Amino acid sequence: MKKLLGVLLLAFLAVGALHAQAVTSSVGAPVPRADVSSTQPVPVPAPAFNVDAATQAYMAELTPAQRASSDAYFEGGYWLIGWDLLVALGVAWLLLGTRLSARMRNLAERLTRWRWLQTAIYAAQYIVLTTLLTLPWSLYEGYFREHRYGLSNLSLGGWLGEQAKGLLVGLILGTLALVIIYAVIRRATRTWWLWGAGVALVFVIFVATIAPVYISPLFNTYKSLPDSPLKEQILSMARANGIPASDVYWFDASRQSKRISANVSGMFGTTRISLNDNLLKRSSPEEVKAVLGHEMGHYVLNHVYKGIVFFGIIIVLGFAFVRWGFGWAQRRWGERWQVRGVADVAGLPLIAALFAIFMFLMTPVNNTITRSMEAEADAFGLNAARQPDGFAQAAVQLSEYRKMHPGPVEEFMFFDHPSGWQRIHRAMVWKAEHLDDPQVRRQDAAIPPAAR
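Residues numbered from 1 in each chain as written. Predicted model: local features only at pLDDT ≥ 70, side-chain atom pairs only at ≥ 80, totals over all residues. Heavy atoms only, no water.

Visitor: Mind laying out helix α15 (residues 388-398), listing which residues take part and the relevant values?
Guide: Side chains that are three or four residues apart share a direction in an α-helix, a result of its 3.6 residues per turn. For α15, the tally of buried residues reaches 11 of 11 residues, placing the bulk of the element in the interior. Among all positions of α15, only Pro 388, Asp 389, Gly 390, Phe 391, Ala 392, Gln 393, Ala 394, Ala 395, Val 396, Gln 397 and Leu 398 are buried. (Buried < 20%, exposed > 50% of the residue type's maximum accessible area, 1.4 Å probe, protein only. Helix = DSSP H or I, 4+ residues; strand = E, 2+ residues; numbered from the N terminus.)

As structure tokens, then:
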């Protein structure tokens, strides 16, 4: 798994100039010599364009084998959602049912009398232990399955190294978050779920702010994109749309995978435009500009802040669900698990399990929120970059790991982005409405004939 208000189209609508170039002659009865200067030119109408045929032309660029592979990969992800929940519940049951969680708490209490430090010691144990317990599942999901579909470039050692970095970041940030949240729970005994949700939301904002500058560089090397016409065009789009970025960065994502990606990330002065080397190597300048136009749309349309509001509500509802579920489970099994109450860190596995259940049930809601913002960014990017064919080609590339043409219920339930077919079709609709634009017409040389 951003961005923002006001939609500024690029100041590019030179329709008047196009009109002048499209004129051939006036039509009708002969005009007296003295009136020739007042003759009104008539523009040549744009050629007919079939949106459905153009969409199908891009879809036909994928072979049946490629479609079958991407469908199998994406549809397999539906089952992973359920298996992820079962793994989370299994780990929670193991820690609670064997009273291992209670013993971890007892160890922390023997080591120190300070409550916040007891929480920190327990949190560190919990993060390390759950990472190790879920490692076999993570290996399948993140390494073997990705290699099976040809999406990962990491060796096993490289993948384990990435996991170690993630564990280190999780230890620092996760421990800090849990210390603060449990301090709130102990102080606000009745309204802890509201205050806890607030702390969690503030922490999410904090991580989103520091991630581009302090976290992302731990996993990839970021460098300034060398000066080029493409870089200047990207910065021109940024300036035209009020994005406070003075440079464009590229990062070496090809170390990890073959996926193309870009982002406009950060808040409160940490905003930066980044694109990965896969996008640079595998995509045309038109595709790069289309992708960056989409990412700028997230920023300009305030999707980060809207996302904070939407998911903030979900976090509050999640804490409310945990409050109810924890009380019910505590009454039934609390004594057996040796969990003293919600303020007892030994109950963290139960909180994690309840959150996993809640987020599983909220999957369609979360996907719909994200998918709606992605569709808005698509529309913004088409207007900003004015590269409908570049956008369609990028959607074809993304088909390597996204199903292109799902059913409506399937898309509603499982897609956090519009489907590839939807994105191509919308791009072709946009193109059909801009056929008199010389920039759009110039793109035709490198696209499928039926999409011209």
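Visitor: I'd like to hear about the packing of aromatic side chains, residue by residue, with values.
Guide: The tally for this structure, following the rule as stated, stands at 18 aromatic pairs. Arranged with centres 4.0 Å apart and planes meeting at 15°, the rings of Tyr 78 and Phe 414 form a pair that is stacked. On the criterion of sequence distance, the pair formed by Tyr 78 in helix α3 (residues 64-97) and Phe 414 in helix α16 (residues 408-414) is long-range, its members being 336 residues apart. Tyr 78 sits in the buried class, given a relative accessible area of 17%. By relative accessible area, Phe 414 is classed as partly exposed at 28%. On the basis of an interplanar angle of 45° and a centroid distance of 5.9 Å, the ring pair of Phe 203 and Phe 206 is categorised as tilted. In this pair, Phe 203 and Phe 206 are both assigned in helix α8 (residues 192-215), three residues apart and thus about one turn of the helix distant. The ring of Tyr 73 is capped by Arg 145, whose NZ or CZ atom sits 4.4 Å from the centre of that ring. (Phe/Tyr/Trp six-rings, centres within 6.5 Å; stacked < 30°, edge-to-face > 60°. Lys NZ or Arg CZ within 6 Å of the ring centre and 35° of its normal.)

Visitor: Describe the pairing of strand β2 (residues 248-251), naming the residues involved and giving the relevant values.
Guide: Where strand β1 (residues 222-224) lies against β2, three bridges are found, and the strand directions are antiparallel. Bridged to Lys 223 within β2 is Trp 250. Pairing analysis gives four bridges linking β2 to strand β4 (residues 272-276), with the strands arranged parallel. What sits directly across from Tyr 249, in β4, is Ser 274. (Pairing = 2+ DSSP bridges.)

Visitor: How would you summarise the environment of Val 51 if you had to cite specific residues and measurements?
Guide: Residue position: Val 51 is located in helix α2 (residues 51-59). Considered as a pair, Val 51 and Arg 426 are 375 residues apart in the sequence and their alpha carbons are 8.8 Å apart. Setting aside chain neighbours within four positions, we find Val 51 in contact with His 425, Met 428, Val 429 and Ala 432. (Contact = heavy atoms within 4.5 Å.)

Visitor: Can you explain the layout of surface pockets? Please cite residues and give values.
Guide: For the second largest pocket, the calculated volume is near 1,400 Å³. Around the second largest pocket sit 33 residues that line it, and Tyr 126, Leu 178, Leu 348, Ala 352 and Phe 355 are the ones nearest its centre. Examining the composition of the lining of the second largest pocket, we find that 10 residues originate from one element, helix α7 (residues 156-187), more than from any other. Taken together, the residues of the lining of the second largest pocket break down into 26 nonpolar, seven polar and no charged. (1 Å grid on protein atoms, 1.4 Å probe; cavity = no way out; pocket = protein on both sides within 12 Å on 5 of 7 lines; lining within 4 Å. Points joined across faces, edges and corners; volume = space filled by probe spheres on them. Nonpolar A, V, L, I, M, F, W, Y, C, P; charged D, E, K, R; others polar.)

Visitor: Now, about unusual backbone geometry: what can you tell me, with residues and values included?
Guide: The backbone of Arg 99 shows a phi angle near 60°, a positive value even though the residue is not glycine. Topologically, Arg 99 is positioned in the loop between α3 and α4 (100-111). A positive phi is found at Gln 338, a non-glycine position, where the angle reads about 60°. For Gln 338, the location among the structural elements is in the loop between α12 (303-337) and α13 (348-361).

Visitor: Can you explain empty space enclosed by the protein? Please cite residues and give values.
Guide: Put simply, the largest cavity is a space of about 30 Å³. Surrounding the largest cavity, Ala 395, Leu 398, Ser 399, Arg 402, Pro 418, Gly 420 and Arg 423 form its lining. Counting only elements with at least two residues in the lining of the largest cavity, the list comes to α15 and α17 (420-432). Considered class by class, the residues forming the lining of the largest cavity number three nonpolar, two polar and two charged.

Visitor: Give a detailed account of the sheet that holds β2, specifying residues and quantitative values.
Guide: Read across the sheet, four strands follow the order β1-β2-β4-β3 without closing on themselves; strand pairing throughout is mixed. The open sheet terminates on both sides in strands that have one partner only, identified here as β1 and β3 (262-265). Between one strand and the next, the sheet's axes are offset by a mean angle of 30°, whatever the strand orientation. The sheet contacts of helix α9 (residues 229-240) involve β1, β2 and β4, and relative to β2 the element is tilted by about 125°. (Axes fitted to C-alpha atoms, helices over the stretch in contact; angles between N-to-C directions.)

Visitor: So what's going on with the environment of Gln 66? Residues and values would help.
Guide: Structurally, the position occupied by Gln 66 is in helix α3. Put simply, Gln 66 and Glu 400 are 334 residues apart on the chain and 7.4 Å apart in space, counted from C-alpha to C-alpha. A polar contact of 2.9 Å, which involves the side chain of Gln 66, links it to the backbone nitrogen of Thr 63. (Polar contact = N/O pair within 3.5 Å; in protein donor to acceptor, adjacent residues only side chain to side chain.)

Visitor: Tell me what's going on with α2, and back it up with residues and numbers.
Guide: The complete set of buried residues in α2 reads Val 51, Ala 54, Thr 55, Ala 57, Tyr 58 and Met 59. In this structure, the buried side of α2 is in contact with α3, α15 and α17. Between the side-chain oxygen of the N-cap and the backbone nitrogen of Asp 52 there are 3.0 Å, and the N-cap of α2 in question is Asn 50.

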